[in-house]
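Geometric and topological summary
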Amino acid sequence: MSEPPSTLQPAAAHAMHDVVLALSRERSLEPVLWQLIHAAKDLVDARYTAIGIPDGMGGFAKFLYTGMSDEQVAAIGPLPRVHGLLAAMLDTEESYRTDDIRTDPRYQGWPAAHPDMGSFLGVPVVSHGEVIAALYCTDKQSARAFGADDQACIELLAAHAAVAIDNARLWERSRELVVAEERTATARHLHDAMSQRLFSLSLTADAARRKLPHEPTAAVEHLDTARELVAEVQQELRTVINDLRPADLADEGLGPALRQHVGLLARATDIDIQDQIDDVELDERRSRELFLLTQEALGNALRHAAAATVRVELAAADGVVRLVVADDGHGFDPRHARIRGRHLGLTSMRERAREAGGKVRIDSTRGQGTTVTAEVPDD
């Protein structure tokens, strides 16, 4: 294959400039990845584009794509974590271009209901000698196949992508450190502020118990003191809880806060947590209720469901923000009175959805997993 040219056409150069500016405004990893695949699609007129992040085991830790309808995605089902030529692109720093992907010996076919694709352009994203991602473009729409100019364009985009992905990861790691430091400080504050009050409360209650049979007036005074101590403890707890709002939720919105939370959980557990979380427009109150509802649903899936895979989705359409947390665990009967009333935080999730002006539906069958779907208006 001939060496691609080193310069871009004026229109492509102008479009690339806009892309680089857009990337510079993003801090979290997932928005950067979405920017990249949409930019690649427009730059080379591809019908489908995708980006894969390696998991270190020959497959994808994350795989984002565009060009397929919601109906197609639903019909295809979960994409494989290791897939032929796509995964092979994670092992090389060389770009690959072909008129027809189906003729490549590494091609392994498509999943059922997957659209058939022909022309293909794959470009690795390399940082410090390591492939940290790969960009994929398929089905050139304005020509039979991708050309050398297309390859040069996506290779330049990949160079900017390497910087943007590295910066996003550094920013997210710094946020994780901040969160860890805040939690440590909160734990220390709780210990210092609460231990002495609770100790005093215990002593006061013991004194009241001793005085009650023979000195009831003194016992009442001790009980009054205990009530004051309880009020102080309650106020202290309220202060701490208010300080524990999700990181960046007020400033950056629900999508980034959820992506950060899911990322932390994914690194802390062996369960495969997949996410497709869009940026949505919600006020702080509704964002907070949906965030806490997601925490509850994820906590149930990770602690109780014995799931191998958990999926988190967040998207807005037709004036409604829709959240889905689904797992492939052992499931349960949500109609059972004991479970419906007290277990798994179901009541809490319903109350949070109601506080956000929406509703939640919990679908579960024994042996077939659980899906929690919450919908709230975005106005």
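Just so it is clear, the structure is predicted and the values come from calculations on it, not from any experiment.

Let us look at the overall build of the protein chain. Along the protein chain, the regular secondary structure elements total 11 helices and 10 strands. By the burial criterion, 43% of the 379 residues in the protein chain qualify as buried. Accessible area of the protein chain: about 20300 Å², with a carbon and sulfur share of 50%.

Low pLDDT marks stretches whose predicted atomic positions should not be read closely. Considering every residue of the protein chain, the mean pLDDT works out to 80; 81% of them sit at 70 or more. Per-element averaging of pLDDT across the protein chain places helix H10 (residues 337-342) at the bottom with 44 and strand S8 (residues 320-327) at the top with 94. A low-confidence stretch, residues 1-6 (pLDDT under 50), is modelled with 10 contacts involving residues beyond four sequence positions or located in other chains. Overall, residues 337-344 carries pLDDT values under 50, and its contacts beyond four positions in sequence, including any with other chains, amount to 16 contacts.

The next thing to look at is helix H9 (residues 284-304). Here H9 spans 30 Å end to end across 21 residues, near enough to the 30 Å set by a 1.5 Å rise per residue. In this structure Asp283 caps H9, since a side-chain oxygen of it lies 3.2 Å from the backbone nitrogen of Arg285. Looking one or two places after H9, you find Ala306, whose phi comes out positive at around 55°.

Before going further, it helps to spend a moment on the environment of Arg350. If you trace the backbone, Arg350 turns up in helix H11 (residues 346-355). Judged by its relative accessible area of 29%, Arg350 falls in the partly exposed class. The sequence separation of Arg350 and Ala374 amounts to 24 residues, and the corresponding C-alpha distance is 8.9 Å.

This part is about the sheet that holds strand S4 (residues 120-127). Read from one edge of the open sheet, 5 strands run S2-S1-S5-S4-S3, paired in antiparallel fashion. Strands with a single pairing partner mark the edges of an open sheet, and in this sheet they are strand S2 (60-66) and strand S3 (96-98). Direction aside, neighbouring strands of the sheet carry axes that sit 15° apart on average.

Across all of its chains, the model carries 4 aromatic pairs by this definition. With a centroid separation of 6.3 Å and an interplanar angle of 50°, the aromatic rings of Tyr96 and Phe120 are classed as tilted. Placement of the pair is Tyr96 in strand S3 and Phe120 in strand S4, with a sequence separation of 24 residues. On the basis of relative accessibility, which here comes to 23%, the residue Tyr96 falls in the partly exposed class. By relative accessible area, Phe120 is classed as buried at 0%. Relative to Tyr136, the ring of Phe120 lies with its centre 6.2 Å away and its plane at 35°, an arrangement referred to as tilted.

The next point concerns unusual backbone geometry. If you check the backbone angles, His128 has positive phi at about 55° while not being a glycine. Mapped onto the secondary structure, His128 falls in the loop between S4 and strand S5 (130-140). The class for His128 is exposed, based on a relative accessible area of 81%. With phi around 55°, Ala306 is a residue other than glycine that occupies positive phi space. Mapped onto the elements of the fold, Ala306 is located in the loop between H9 and strand S7 (309-317). In this structure Ala306 comes out as exposed when scored by relative accessible area, which is 66%.

Conventions we followed
- Residues numbered from 1 in each chain as written.
- Predicted model: local features only at pLDDT ≥ 70, side-chain atom pairs only at ≥ 80, totals over all residues.
- Heavy atoms only, no water.
- Helix = DSSP H or I, 4+ residues; strand = E, 2+ residues; numbered from the N terminus.
- Buried < 20%, exposed > 50% of the residue type's maximum accessible area, 1.4 Å probe, protein only.
- Areas by Shrake-Rupley, 256 points an atom, 1.4 Å probe, with all protein chains shown as cover.
- pLDDT = per-residue confidence, 0-100.
- Contact = heavy atoms within 4.5 Å.
- Expected span 1.5 Å × (residues − 1).
- Polar contact = N/O pair within 3.5 Å; in protein donor to acceptor, adjacent residues only side chain to side chain.
- Pairing = 2+ DSSP bridges.
- Axes fitted to C-alpha atoms, helices over the stretch in contact; angles between N-to-C directions.
- Phe/Tyr/Trp six-rings, centres within 6.5 Å; stacked < 30°, edge-to-face > 60°.

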